[in-house]
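Below, each chain spelled out in residue letters.
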Amino acid sequence: MGDSIWQSMQKKGYSRREFLEFCTAAAVAAGLGKAGAAQVASVFEKKEKPAVVWMHFQECTCCSESFIRASHPIVVDALLDVMSLNYTETLMAAAGFQAEKSLDDTIKNNKGKYIVLVEGAVPTKDGGVYCMVGGKTAEAILQTVAADAAAIIAWGSCASNGCVQAAKPNPTGATPIAKLVDKPVINVPGCPPIADVMMAVVTHLLVLGQTPELDDQGRPREFYGRRVHDTCYRRPNYDAGLFVESWDDENARKGYCLYKMGCRGPVTYNACSVVRWNEGTSYPIQSGHGCIGCSEAGFWDNGPFYQHLPSFPGFGVESTADTIGTAVGVATLAGVAAHAVVTNIRKRSVIAEVHAEDEKES
Amino acid sequence: MSTNPVVRDVFKTNGSAPVEYRRVYVWELPVRAYHWINAIALTLLCVTGYLIGHPLRISYSQEAYQQYWFGWTRFIHFAAAYVYVFNFGMRIYWGFVGNKYAVWKTFLPLTRKQQEEIVDVIKTDVLQVKMHGEISTGHNSLAAFIYFLTFLVFCFQTITGFALYSGMSDAWLPHLFRWVVPLMGGEFAVRFWHHLFLWFFVMFVIVHIYLSFYHDYIEGRGTVSSIIGGWKFDRVKGAGNQGAKEQGDKTV
Ligand code: SF4
Ligand code: SF4
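S.K.: So what's going on with the overall build of chain A? Residues and values would help.
M.R.: From N to C terminus, chain A includes 15 helices and nine strands. Taken over the C-alpha trace, chain A has a radius of gyration of 28 Å; the compact-globule value for 362 residues is 21 Å, which it surpasses by more than 25%. Judged by the C-alpha coordinates and their principal axes, chain A covers about 110 × 50 × 45 Å. Total accessible area on chain A is roughly 15,800 Å²; 58% of this is exposed by carbon and sulfur atoms. Averaged over its 33 positive side-chain charges, chain A has a centre that lies 4 Å from the centre of its 39 negative ones.

S.K.: Give a detailed account of the overall build of chain B, specifying residues and quantitative values.
M.R.: For chain B, the count of helices and strands is eleven helices and two strands. In sequence order, the secondary structure elements of chain B are arranged as α-β-α-α-α-α-α-α-α-α-α-β-α. Here chain B, with 252 residues, has 47% of them falling under the buried criterion. Long-range pairs, those at least 24 residues apart, make up 66% of the contacts in chain B with a sequence separation of at least 6. When the accessible surface of chain B is split by element, carbon and sulfur atoms take 69% of a total near 13,100 Å².

S.K.: Got a sec to walk through the side chain of B:Ser141? Specific residues and values, please.
M.R.: Residues and elements named next belong to chain B. Turning to its location among the elements, Ser141 is positioned in helix H5 (residues 141-165). Reaching out from Ser141, the side chain makes a polar contact with the backbone oxygen of Gln114 at a distance of 3.4 Å. With near-sequence residues (within four places) excluded, Ser141 lies in contact with Gln114, Glu117 and Ile118.

S.K.: Residue-level account of empty space enclosed by the protein, with values.
M.R.: Residues and elements named next belong to chain B. In this structure the tally under the stated criterion is five cavities of 30 Å³ or more. If you trace the largest cavity, you find 34 residues lining it, with Ile52, His77, Phe78, Leu164 and His194 closest to the centre. Sorting the residues of the lining of the largest cavity by element identifies helix H2 (29-53), helix H3 (69-97), H5, helix H8 (187-196) and helix H9 (198-219) as the ones contributing at least two each. Residue composition of the lining of the largest cavity, by class: 21 nonpolar, nine polar and four charged.

S.K.: Pulling in residues and values, what's your account of the site of ligand 1?
M.R.: Close contacts around ligand 1 come from A:His229, A:Cys232, A:Arg234, A:Arg235, A:Tyr238, A:Cys257, A:Leu258, A:Tyr259, A:Cys263, A:Gly265, A:Pro266 and A:Ile285, and that covers them all. Here the residues of the shell around ligand 1 sort into eight nonpolar, two polar and two charged.

S.K.: Let's hear about the domain arrangement of chain A: which residues, and what values?
M.R.: All names here are of chain A. Taken domain by domain, chain A consists of domain 1 (5-223), domain 2 (228-287) and domain 3 (325-361). Taken together, the contact pairs ten residues of domain 1 with nine residues of domain 2. Buried area between domain 1 and domain 2, summed over both chains or domains, comes out near 780 Å², and the portion from carbon and sulfur atoms is 62%. On the domain 1 side of the interface with domain 2, the three residues burying the most area are Ile194, Arg219 and Phe223, jointly 54% of the side's total. Across the domain 1-domain 2 interface, the total number found is zero salt bridges. Here domain 1 and domain 2 share one residue pair in polar contact (both at pLDDT 80 or more) between them. When grouped by side-chain class, the residues that make up the side of domain 1 that touches domain 2 number five nonpolar, two polar and three charged.

S.K.: Any chance you could break down the interface of chain B and chain A for me, citing the residues and the numbers?
M.R.: The interface of chain B with chain A comprises 54 residues on the first partner and 58 residues on the second. At the junction of chain B with chain A, the criterion picks out two salt bridges. Of the charged contacts, one joins B:Arg57 and A:Glu245 as a salt bridge, the two residues approaching to 3.5 Å between their closest N and O atoms. Mapped by element, the contributors of at least two residues to the side of chain B that touches chain A are helix H1 (5-13), H2, H3, helix H7 (180-184), H8 and H9 of chain B. Here the element with the most residues in the side of chain B that touches chain A is H9(B); it accounts for eight residues.

S.K.: How would you summarise the packing of aromatic side chains if you had to cite specific residues and measurements?
M.R.: For the structure shown, the criterion picks out 40 aromatic pairs over all chains. Between A:Trp300 and A:Phe305, the ring centres sit 6.0 Å apart and the planes meet at 55°, which makes this aromatic pair tilted. Take A:Phe305: its relative accessible area is 22%, and that puts it in the partly exposed class. Residues B:Tyr210 and B:Tyr214 carry aromatic rings whose centres are separated by 6.2 Å and whose planes lie at 20° to one another, so their mutual orientation is stacked. Of this pair, B:Tyr210 and B:Tyr214 both sit in helix H9, four residues apart, which is roughly one turn of the helix. The structure contains a cluster of three or more aromatic residues connected by ring pairs, namely B:Tyr84, B:Phe88, B:Phe107, B:Tyr147, B:Phe151, B:Phe154, B:Phe200, B:Phe201 and B:Phe204. Taking NZ or CZ as reference, A:Arg16 lies 4.9 Å from the ring centre of A:Trp6, over its face. One Lys or Arg, B:Arg23, reaches over the ring of B:Trp231 and ends 4.0 Å from the middle of that ring.

About the criteria used
Residues numbered from 1 in each chain as written. Chains lettered and ligands numbered in written order. Predicted model: local features only at pLDDT ≥ 70, side-chain atom pairs only at ≥ 80, totals over all residues. Heavy atoms only, no water. Helix = DSSP H or I, 4+ residues; strand = E, 2+ residues; numbered from the N terminus. Rg over C-alpha atoms; globule rule 2.2 N^0.38 Å. Areas by Shrake-Rupley, 256 points an atom, 1.4 Å probe, with all protein chains shown as cover. Lys, Arg positive; Asp, Glu negative; His and termini not counted. Charge placed at Lys NZ, Arg CZ, Asp CG, Glu CD. Buried < 20%, exposed > 50% of the residue type's maximum accessible area, 1.4 Å probe, protein only. Contact = heavy atoms within 4.5 Å. Polar contact = N/O pair within 3.5 Å; in protein donor to acceptor, adjacent residues only side chain to side chain. 1 Å grid on protein atoms, 1.4 Å probe; cavity = no way out; pocket = protein on both sides within 12 Å on 5 of 7 lines; lining within 4 Å. Points joined across faces, edges and corners; volume = space filled by probe spheres on them. Nonpolar A, V, L, I, M, F, W, Y, C, P; charged D, E, K, R; others polar. Near = heavy atom within 4 Å. Domains from an automatic or database assignment. Buried area = accessible area lost by both parts, 1.4 Å probe. Salt bridge = Lys/Arg side-chain N within 4 Å of Asp/Glu carboxyl O. Phe/Tyr/Trp six-rings, centres within 6.5 Å; stacked < 30°, edge-to-face > 60°. Lys NZ or Arg CZ within 6 Å of the ring centre and 35° of its normal.

What follows is the structure, given as structure tokens:
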């Protein structure tokens with residue numbers, strides 16, 4: 001049996017105090033509250049530290065970037081440093097064959113016990129040539145890694161729903177992880193996902209050894225159960241019908257609701273307005289910009305970002321369903337009016353015919 | 001059919017000969033109630049739906065805690081939606097127990113007679129090559145079929161509407177339709193389609209109101225008033241013809 005988390009932390013030179021600090025932060029992140037710290041500490045003292053591999057496919061590494069900015073750096077430190085992050089292209093020291101070997105070894109030695117974190121979508125078109133590592137396609141690597149994994153987390157919108165690579169016309173056939181593996185996948189969408197959310201999901205998995213409660217799209221309910229809109233501090237302005245009409249108007253300065261500026265808060269499930277970003281400093285709406293719905297599937301295709309109804313396909317960027325609808329409505333009215341005119345012109349012959357019939361029958 | 005020459009002449013001076021009409025109770029009370037509840041609910045839904053998509057600039061002089069108009073607009077939309085759905089459910093039920101003018105079969109052109117009537121109505125309404133064809137007493141087959149398509153849109157709006165609503169409600173009914181969201185590619189897409197079909201209703205209402213007036217005029221047997229009182233009028237013709245056959249049908 002390998003080292004426990006506490007043992008390997010000791011080896012890395014962490015003090016007992018730091019370990020407990022970590023346990024407290026982890027307990028809170030996993031939703032146990034401070035009181036759970038003791039429980040976590042006892043788990044981490046005994047439990048073998050899990051092997052973790054962090055795969056990078058079609059992505060920009062913004063998820064990794066986000067992750068290292070969590071509010072409780074000790075947790076991230078511990079996760080990256082201690083949790084035998086056996087393989088991660090971005091951070092590991094090993095390179096080339098050595099790196100590939102460490103991945104192979106992890107899979108072999110930890111069958112059914114290691115955790116896979118996937119960043120990025122997997123291209124499936126043209127035999128998967130658009131993303132290859134060490135001569136193997138992303139899809140082949142994913143299948144190998146996923147086969148014996150204890151749990152799989154899809155980091156970010158790329159891995160969860162394809163994100164920008166999968167935007168129309170999706171030239172590389174970028175595909176979300178959950179569609180490729182036949183195991184449950186924890187989706188943590190967002191471009192990038194919120195650091196503290198990522199941390200909490202991983203910690204939940206490590207501490208409790210079980211997947212957090214997921215919704216119908218595989219997202220942890222705790223963080224993706226409500227819309228940005230439901231907890232937005234500008235919501236009272238929305239209900240009062242107070243809207244920003246243009247970026248530089250008085251209403252924008254007053255901090256009114258950004259709905260008319262295309263805010264996607266009402267259709268976006270994420271924790272931004274609660275957890276916020278950069279140690280809870282702010283989030284886009286607080287900084288005066290609408291939500292662009294970065295954690296929702298297909299958000300790149302739902303443009304333009306500054307219109308809250310998408311443009312109608314095939315009619316240019318400015319035309320929404322309402323422009324088309326108004327045109328059709330007016331055309332209908334015109335048609336009806338024309339019909340009425342024709343009917344009136346025919347009036348005499350209609351009446352004459354009716355009378356002729358009456359005559360005949362009476 | 002009066003043979004009294006005096007009466008005949010009186011009518012002739014009005015440009016008309018006396019003919020007999022028979023009163024037919026076509027739209028039963030539940031059907032009329034359905035129609036008007038639906039009309040009110042749909043109007044509310046369309047107006048509030050449009051406003052939700054395009055909030056008006058009303059008053060920006062007050063603070064948020066002093067007004068709630070957008071909230072009320074949405075509330076009316078959701079409340080009217082429930083009324084409309086249950087009302088529609090009632091109409092579906094009545095399609096199985098109501099009279100022959102209300103029965104579900106009239107909405108589908110299954111018989112040859114109905115199909116022929118569709119051609120006839122197109123000739124009368126659209127091409128205007130026919131003055132006033134033999135149009136059935138209840139829904140004419142073309143109108144009925146278009147109502148059927150409208151019912152499909154009703155269903156579509158109900159499903160997408162509840163799917164959107166499920167995100168902000170704990171009620172069981174909206175949650176039955178949650179699956180639609182991932183299927184259609186996210187709430188944004190669902191919202192787009194839900195909003196787009198608002199315009200179907202606008203179109204429908206324009207054409208529907210116009211055509212009831214038109215048929216009231218062209219058929220001359222109380223099309224418009226029938227949806228208030230329920231009665232329409234059938235012409236009583238000589239034995240063996242269409243009118244007599246209709247007369248033989250039982251009405252409730
Ligand atoms: S700013 Fe956006 S998320 Fe906030 S209340 Fe307005 S529409 Fe909702
Ligand atoms: S506010 Fe919206 S666009 Fe911005 S990060 Fe959150 S979910 Fe993404």
